[in-house]
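Analysis of the macromolecular model
Here is how the chains run, residue by residue.
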Amino acid sequence: MTHDARAMLNAHAASVTQPYGPERSQVMSQAGFDAATAEISSWPGYAPTPLLSLDHLAQDLGLAKIFYKDERGRFGLGSFKALGGAYAVANVLRHQVEQAKGLTHVTSAQLLSGEFNDIIRAATVTCATDGNHGRSVAWGARLFGCQCVIYVHETVSQGRRDAIAHYGADVREVKGNYDDAVRHAATTAAAQGWTVVSDTSYPGYRDIPLDVMHGYGVMAVEIVQQMAKIEPPTHVFVQAGVGAFAGAVCADFWMQWGARRPRFVVVEPLQADCVYQSLQAGRQVAVGGALDTVMAGLACGEVSDLAWEILHGGVNVCVAVDDAYALDAMRILAQPKARDPAIVAGETGGVGLAALLAAREHPAVWNALGLDVNARVLLLGSEGDTDPVIYRQVVGRDAAEILA
Ligand SMILES: Cc1ncc(COP(=O)(O)O)c(C=O)c1O
């Protein structure tokens, strides 16, 4: 396995003093984040996920601090994705109930009360997924009580399919890659009268993916609260598939921290670097082919329109790394230095650390990132062992042994 990596400064990045501004607020807004926070924090089982400090690892890598937001425990689903798809499902059902009953603001609590079950049970939501998004949509469908059909492409692991089916969804396979499954979900839904709850937007389809992104933002809202008494980080590393997660985090930090916001770093697999290629070209570029990477959540070839509207000015640096770094990161997080906490990160979860490991071995990447001994780096641990079988193959132990 090779350990290749490259980095690029975004020539279109906004200056640090440039405000978030009204144009971007048309896309992702403070009101959107506030509404998502109010609803999601009312759901059963809600609790902010931990923000950990990896001081010994930071010292080892020549940095002042490493913070790690650990999304493994999010609503028992294993990833931050629990926030987005399920929130969009709630909003789809809310709108259907409001329309049918002539009401103006139906809350999650009302949807959960059983009062509107006749309308909710007749609704079907669907999406394409490489694992975690479909799991969130399926969980949301079960939580609120509607029907659910999830499309997976050929390389989605059996463990991830089972995790979706566990929530009662009908899981169906589509030939081709993730983007083919996205198109298949859209055409089938149009024919059947179902609602597509996609995490990626495309021309004419924005409102639902926007809800997904505002749901993701709850994670960023928590981080800002968790760091309220300390200086914001100097760098944040966010892994990107279609870029919706990165777009949500970027927008929230920009609004909350303004000119104090961290340098925004997007990390992708070398084989599926659509944000990198798009920023380099100055326009959205599709990356084709099998998009073959162990970083399953990042195997996407096309940047979401909504994400692009935030990221084209919000990203400072793009890094693309080989799979080998993602696997190294999983093992290092599982076997920490000294008194750093042990962390269970899936193939897509430890990708921020993968970029740091790559930076240590590739001076061009280190320099592009502007890292030094004063850097206080925030990594987003976007998933835990969402496929426990793959996790054990990579790390050699399972989560329970690591966390014991
Ligand atoms: C664990 C995990 N992290 C990050 C991402 C990337 O999110 P996005 O596709 O919004 O860029 C995904 C997407 O599936 C994911 O599952």
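Residues numbered from 1 in each chain as written. Predicted model: local features only at pLDDT ≥ 70, side-chain atom pairs only at ≥ 80, totals over all residues. Heavy atoms only, no water.

1. Considering the domain arrangement of the protein chain
Accessible area lost during the coming together of the parts is what is often quoted as the interface size. Applied cut-off: Each domain span listed reflects an automatic or database assignment of domains. By the convention used here, residues are in contact when the closest approach between their heavy atoms is within 4.5 Å. Buried area: the sum, over both parts, of the accessible surface (1.4 Å probe) that disappears when the two are put together. The salt bridge criterion pairs a side-chain nitrogen of Lys or Arg with a carboxyl oxygen of Asp or Glu, the two atoms within 4 Å. Two N or O atoms form a polar contact when they lie within 3.5 Å of each other; inside protein one atom must be a possible hydrogen donor and the other a possible acceptor, and for residues adjacent in sequence the pair counts only when both atoms belong to side chains. Numbering of helices and strands runs from the N terminus; a helix is a DSSP stretch of H or I covering at least four residues, while a strand is a stretch of E covering at least two.
Along its sequence, the protein chain is carved into domain 1 (5–79 + 217–403) and domain 2 (81–208). Centre-to-centre separation of domain 1 and domain 2, based on C-alpha positions: 25 Å. In this assembly, 35 residues from domain 1 lie in contact with 31 residues from domain 2. For the pair domain 1 and domain 2, the summed buried area comes to about 2700 Å², and 53% of that belongs to carbon and sulfur atoms. In terms of surface lost to domain 2, no three residues of domain 1 exceed E39, W43 and L77, which account for 25% of the buried area on that side. Across the domain 1-domain 2 interface, the total number found is three salt bridges. E302 is the salt-bridge partner of R183, the closest N and O atoms lying 3.8 Å from each other. Linking domain 1 to domain 2 there are 15 residue pairs in polar contact (both at pLDDT 80 or more). By residue number, the principal contributor to the side of domain 1 that touches domain 2 is helix α2 (residues 30–40), which donates four residues.

2. Comments concerning the sheet that holds strand β4 (residues 124–129)
The condition that has to hold: Pairing between two strands is assigned when DSSP locates at least 2 bridges connecting them. Every axis in this analysis is a line fitted to C-alpha atoms, fitted for helices over the stretch in contact. Angles between the N-to-C directions lie between 0 and 180 degrees.
With parallel pairing, four strands are arranged side by side in an open sheet as β6-β5-β4-β7. Of all strands in the sheet, those with a lone pairing partner are β6 (170–174) and β7 (195–196), marking the two edges. Inspection of the sheet shows strand β5 (residues 147–153) paired to β6 by five bridges, in the parallel sense. The residue of β6 that forms the bridge with Y151 is R172. In the packing of helix α9 (residues 178–192) onto the sheet, the strands contacted are β4, β5, β6 and β7, and the crossing angle to β4 comes to about 160°.

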